[in-house]
Amino acid sequence: MADTRSERVRWAALSKVSAVVGAIATRKLLQALWPAGDDATGPPFNPADRRVAWSTAVQWGIAAGVGAGLARVISQRAAAAGWEAATGSAPPGLKT
């Protein structure tokens, strides 16, 4: 069965919402797990702040990048599983 335009639009909306939720959850998790360090400042909420050491800013960037990548994979797979459970078929564009 061919994908209809409305299915593609609904899938696009669902995948975008799942990505946003995953990104928010990842940021909150990283902030909760980030070690306080010697100065007890916690995570660098703004790594561009010159008071944040370069090493800390780079570590935050790496952790945020890896976290965002994992969150994207997890949220997209969860959205696809939810779509399949609700509709009985794979999301548009993912059918083989």
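Cut-offs and rules
- Residues numbered from 1 in each chain as written.
- Predicted model: local features only at pLDDT ≥ 70, side-chain atom pairs only at ≥ 80, totals over all residues.
- Heavy atoms only, no water.
- Helix = DSSP H or I, 4+ residues; strand = E, 2+ residues; numbered from the N terminus.
- Buried < 20%, exposed > 50% of the residue type's maximum accessible area, 1.4 Å probe, protein only.
- Areas by Shrake-Rupley, 256 points an atom, 1.4 Å probe, with all protein chains shown as cover.
- Patch = residues over 30% accessible without salt bridge, like charges linked within 9 Å, V, L, I, M, F, W, Y side chains within 5 Å.
- Salt bridge = Lys/Arg side-chain N within 4 Å of Asp/Glu carboxyl O.
- Axes fitted to C-alpha atoms, helices over the stretch in contact; angles between N-to-C directions.
- Parallel < 35°, antiparallel > 145°, perpendicular 65-115°, else oblique.
- Left-handed = near helix turned anticlockwise from the far one by under 90°.
- Contact = heavy atoms within 4.5 Å.
- Nonpolar A, V, L, I, M, F, W, Y, C, P; charged D, E, K, R; others polar.
- Polar contact = N/O pair within 3.5 Å; in protein donor to acceptor, adjacent residues only side chain to side chain.
- Phe/Tyr/Trp six-rings, centres within 6.5 Å; stacked < 30°, edge-to-face > 60°.

### A look at the overall build of the protein chain
Thought 1: A count of helices and strands for the protein chain gives two helices and zero strands.
Thought 2: When each of the 96 residues of the protein chain is scored for burial, the buried share is 23%.
Thought 3: Carbon together with sulfur atoms contributes 64% to the accessible area of the protein chain, which is approximately 7,000 Å² in total.

### Section: a nonpolar patch on the surface
Thought 1: A grouping of Trp54, Val58, Ile62, Val66, Leu70 and Ile74 is seen on the molecular surface, where their side chains present a nonpolar patch of about 700 Å² in accessible area.
Thought 2: Turning to its location among the elements, Ile62 is positioned in helix H2 (residues 54-87).

### Side note on the packing of helix H1 (residues 5-33) against H2
Thought 1: With their axes 8 Å apart at the nearest point, H1 and H2 run at an angle of 140° to one another. Taken together, the axes of H1 and H2 lie oblique to each other. In the packing of H1 onto H2, the handedness of the crossing is right-handed. Contacts between H1 and H2 involve Glu7, Arg10, Trp11, Leu14, Ser15, Ser18, Ala19, Gly22, Thr26, Arg27, Leu30 and Gln31 from the former and Trp60, Ala63, Ala64, Gly67, Ala68, Ala71, Ser75, Gln76, Ala79, Ala80 and Trp83 from the latter.
Thought 2: Partitioned by chemical class, the residues of the contact of H1 with H2 number twelve nonpolar, eight polar and three charged.

### Topic: the side chain of Ser75
Thought 1: Inspection of the secondary structure assignment puts Ser75 in helix H2.
Thought 2: A polar contact of 3.2 Å, which involves the side chain of Ser75, links it to the backbone oxygen of Arg72.
Thought 3: With near-sequence residues (within four places) excluded, Ser75 lies in contact with Ser18 and Ala19.

### Regarding the packing of aromatic side chains
Thought 1: Counted by the stated rule, this structure contains two aromatic pairs.
Thought 2: Taking 5.8 Å as the distance between ring centres and 75° as the angle between the ring planes, the aromatic pair formed by Trp11 and Trp83 counts as edge-to-face. On the criterion of sequence distance, the pair formed by Trp11 in helix H1 and Trp83 in helix H2 is long-range, its members being 72 residues apart.
Thought 3: Owing to a relative accessible area of 11%, Trp11 belongs among the buried residues under this scheme.
Thought 4: Residue classification places Trp83 among the buried positions, given a relative accessible area of 8%.
Thought 5: A centroid spacing of 5.1 Å and a plane angle of 75° characterise the contact between Trp34 and Trp60, whose relative ring orientation is edge-to-face. Residue Trp34 is located in the loop between H1 and H2, and its partner Trp60 is located in helix H2; the two are separated by 26 residues in the primary sequence.
Thought 6: Of the residues examined, Trp34 reaches a relative accessible area of 16% and is grouped as buried.

Purely geometric stuff here, so don't read any function into it on its own.
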